[in-house]
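Now for the letters of each chain:
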Amino acid sequence: VDTATGEELAEEMGMRETPLESTWEHRVWVGAAAVAVAGLMMKGMVSASAGNPAEILPGMAATCLAGYFTADLATGIYHWAIDNYGDASTPVFGPQIDAFQGHHKRPWTITKRQVANNLHGLARPAMFALLPFLLANDGQIPASVDTFVASLTGFVVLCQQFHAWAHSKRSELPAIVVMLQEAGVLVSRKMHGAHHRHPFDRNYSIVSGVWNPILDNSGFFRHAERFIFVRWGVAPRSW
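Residues numbered from 1 in each chain as written. Predicted model: local features only at pLDDT ≥ 70, side-chain atom pairs only at ≥ 80, totals over all residues. Heavy atoms only, no water.

## A word on the environment of His 192
Among the structural elements, His 192 can be located in helix H8 (residues 189-195). Distance from His 192 to Gly 209, taken between C-alpha atoms, is 8.1 Å for residues 17 residues apart in sequence. Those residues in contact with His 192 that sit more than four places away from it in its chain are His 79, His 103, His 163, Ala 166, His 167, Val 187, Asn 203 and Ile 206. Among the polar contacts made by the side chain of His 192, one reaches the side chain of His 196 at a distance of 3.1 Å. (Helix = DSSP H or I, 4+ residues; strand = E, 2+ residues; numbered from the N terminus. Contact = heavy atoms within 4.5 Å. Polar contact = N/O pair within 3.5 Å; in protein donor to acceptor, adjacent residues only side chain to side chain.)

The structure is reproduced here in structure tokens:
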């Protein structure tokens, strides 16, 4: 597949208008995912409670932090993949690929989406991914694993809200969100704004963005793109 074909596909994609309002189905999925994340976090805490709290709590905090940083990396790699490969007809991922191409054409629409509308697409698979951990008997899975998975999944689901805030005007955001963006805890509007310059080839991570300079400056994505092109003859849309 040559780059011209990729450009033509990108032009065709993302033209379908989608509703911006949340439905009850959206709210149910987001609520179920929130309960699952909280439940798994609680399961990990209860499993660890037999030990010394003074020793356990710092470890759990570190595990949650690891989930937060891993979520930023995971969103960056996933965002890069669906931005650059596949199209609207791709099995399973086609609707998301199409939606992200539409987002490049009309980035402001994400700020108009109601919260459950924006999050339900990630909440649904997250709910099913957490079920095996929730249903496992106590002791089958280490408490640290439950805590890490809950943290990772929670931040991955919330990344679309962080993404929406990165497109919002400062005056429209709560003061705490602006403070977290400026502190680098959440991806900032300036950092994510750089992603929306053609050819959309950098700053893919959308939790905190801490991985963006690491991935971009190391050439991680360029190396991956060249490998895919040499191995399978598929060029990314960013070329």
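## Describing helix H2 (residues 24-48)
Here H2 spans 36 Å end to end across 25 residues, near enough to the 36 Å set by a 1.5 Å rise per residue. Those residues of H2 lying buried are His 26, Trp 29, Val 30, Ala 33, Ala 36, Val 37, Leu 40, Met 41, Lys 43, Gly 44 and Ala 48. (Expected span 1.5 Å × (residues − 1). Buried < 20%, exposed > 50% of the residue type's maximum accessible area, 1.4 Å probe, protein only.)

## Side note on unusual backbone geometry
For the bond running from His 198 to Pro 199, omega is 10°, close enough to zero to count as cis. Along the chain, Pro 199 falls in the loop between H8 and helix H9 (212-217). Of note, Val 92 is a non-glycine position whose phi angle comes to about 70°, a positive value. By secondary structure assignment, the location of Val 92 is in the loop between helix H3 (53-84) and helix H4 (94-105). For Val 92, a relative accessible area of 71% puts it in the exposed group.

## With respect to a nonpolar patch on the surface
A grouping of Met 42, Met 45 and Val 46 is seen on the molecular surface, where their side chains present a nonpolar patch of about 280 Å² in accessible area. Note that Met 45 resides in helix H2. (Patch = residues over 30% accessible without salt bridge, like charges linked within 9 Å, V, L, I, M, F, W, Y side chains within 5 Å. Areas by Shrake-Rupley, 256 points an atom, 1.4 Å probe, with all protein chains shown as cover. Salt bridge = Lys/Arg side-chain N within 4 Å of Asp/Glu carboxyl O.)

## Structural notes on the environment of Val 30
Its location among the elements puts Val 30 in helix H2. As a C-alpha pair, Val 30 and Asn 117 span 87 residues in sequence and 9.0 Å in three-dimensional space.

## Section: the packing of H2 against helix H5 (residues 115-135)
Where H2 contacts H5, the axes come no closer than 7 Å and their chain directions differ by 40°. With respect to their mutual orientation, H2 and H5 come out oblique. For H2 against H5, the interelement crossing comes out left-handed. In contact with Glu 25, His 26, Arg 27, Trp 29, Val 30, Ala 32, Ala 33, Ala 36, Val 37, Gly 39, Leu 40 and Lys 43 of H2, H5 contributes Ala 116, Asn 117, Leu 119, His 120, Ala 123, Arg 124, Met 127, Phe 128, Leu 130, Phe 133 and Leu 134. In terms of residue class, the contact of H2 with H5 is built from 15 nonpolar, four polar and four charged. (Axes fitted to C-alpha atoms, helices over the stretch in contact; angles between N-to-C directions. Parallel < 35°, antiparallel > 145°, perpendicular 65-115°, else oblique. Left-handed = near helix turned anticlockwise from the far one by under 90°. Nonpolar A, V, L, I, M, F, W, Y, C, P; charged D, E, K, R; others polar.)

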